[in-house]
Amino acid sequence: RKEVEQDPGPFNVPEGATVAFNCTYSNSASQSFFWYRQDCRKEPKLLMSVYSSGNEDGRFTAQLNRASQYISLLIRDSKLSDSATYLCVVNTRNTDKLIFGTGTRLQVFP
Amino acid sequence: DVKVTQSSRYLVKRTGEKVFLECVQDMDHENMFWYRQDPGLGLRLIYFSYDVKMKEKGDIPEGYSVSREKKERFSLILESASTNQTSMYLCASGQGYEQYFGPGTRLTVT
């Protein structure tokens, strides 16, 4: 079983739609959680950290459910520029190593 | 602005050749990482380093070695390239949990 699992998609949504991605992780010792974004043929970049209380950054909301070991990312009012692959990332206690999911591809169409 | 550079964007090598991939960061980060990214498998950690002359194996170190003689530079070495090492190679540096990636080197081994 993979340590971090994501639905690969693609999710095809119209502009203005709300879309949500989920991610599950298998290691209960995982301590920190992130969403990275990777544009086509580009390197991954940190989108946002995920906190236990949930956090919001503009149109993006991230949630963590430790009991069920899943993380979610909600994008409201989708823009064409949101088209990318979204990588779910976890970190285990006492290490700076990150474990990456394989990513969920989002395509926003006009 | 944060900057991680990699020596080549595209590289074609023959089976059995020794290959050097160089990565340089200008952020004075302690931690540096080498990943490979393959379709359906996501980002997998090859080696990482927490300090000069220090290295740790990641999840898939076989067939690779690394060198970190200076804080800003982390090299990945393929001692004898094989066709199954054809991949996108991404270098990253970071302090704590956030990692900054270079643009990647697409290596093809024929």
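Calculation rules
- Residues numbered from 1 in each chain as written.
- Chains lettered and ligands numbered in written order.
- Predicted model: local features only at pLDDT ≥ 70, side-chain atom pairs only at ≥ 80, totals over all residues.
- Heavy atoms only, no water.
- Core = buried A, V, L, I, M, F, W, Y, C linked by side-chain atoms within 4.5 Å.
- Buried < 20%, exposed > 50% of the residue type's maximum accessible area, 1.4 Å probe, protein only.
- Helix = DSSP H or I, 4+ residues; strand = E, 2+ residues; numbered from the N terminus.
- Contact = heavy atoms within 4.5 Å.
- Buried area = accessible area lost by both parts, 1.4 Å probe.
- Salt bridge = Lys/Arg side-chain N within 4 Å of Asp/Glu carboxyl O.
- Polar contact = N/O pair within 3.5 Å; in protein donor to acceptor, adjacent residues only side chain to side chain.
- Nonpolar A, V, L, I, M, F, W, Y, C, P; charged D, E, K, R; others polar.

Engineer: Before we go on, may I ask you to explain the nonpolar core in this structure?
Structural biologist: Where a protein is soluble and globular, its nonpolar side chains tend to be buried together. The biggest cluster of nonpolar side chains holds 24 residues, and the ones touching the most others in it are A:Phe21, A:Trp35, A:Ile71, A:Leu73, A:Ile75, A:Tyr86 and A:Leu106. Counting only elements with at least two residues in this core, the list comes to strand S3 (19-25), strand S4 (30-38), strand S5 (44-50), strand S7 (60-65), strand S8 (70-75), strand S9 (84-92) and strand S11 (104-109) of chain A. Discounting residues that sit within four places of it in the chain, A:Leu73 has contacts with A:Val19, A:Ala20, A:Phe21, A:Trp35, A:Leu47, A:Met48, A:Phe60, A:Thr61 and A:Tyr86. Within the second largest apolar cluster, 21 residues are counted, among which are B:Tyr47, B:Val66, B:Leu76 and B:Tyr89.

Engineer: What am I meant to see in the environment of A:Val4 here?
Structural biologist: Residues and elements named next belong to chain A. As for its position among the elements, Val4 is in strand S1 (residues 4-6). The exposure class of Val4 is buried, given its relative accessible area of 4%. The spacing of Val4 and Leu87 is 83 residues in sequence and 9.7 Å in space, taken between C-alpha atoms. In this structure Val4 touches Cys23, Thr24, Tyr25, Cys88, Val90, Ile99, Phe100 and Gly101, once residues within four positions along its chain are discounted.

Engineer: What exactly am I supposed to notice about the interface of chain B and chain A here?
Structural biologist: As a measure of interface size, the accessible area lost when the parts come together is often cited. Taken together, the contact between chain B and chain A spans 21 residues of the former and 18 residues of the latter. Here chain B and chain A share an interface that buries about 1600 Å² over both sides, 54% of which is from carbon and sulfur atoms. Taken together, the connections running from chain B to chain A amount to zero salt bridges. At the surface where chain B touches chain A, the tally comes to two residue pairs in polar contact (both at pLDDT 80 or more). For the side of chain B that touches chain A, the secondary-structure elements that each account for two or more residues are strand S4 (31-38), strand S5 (42-49) and strand S10 (98-101) of chain B. Among the residues forming the side of chain B that touches chain A, the class breakdown is eleven nonpolar, seven polar and three charged.

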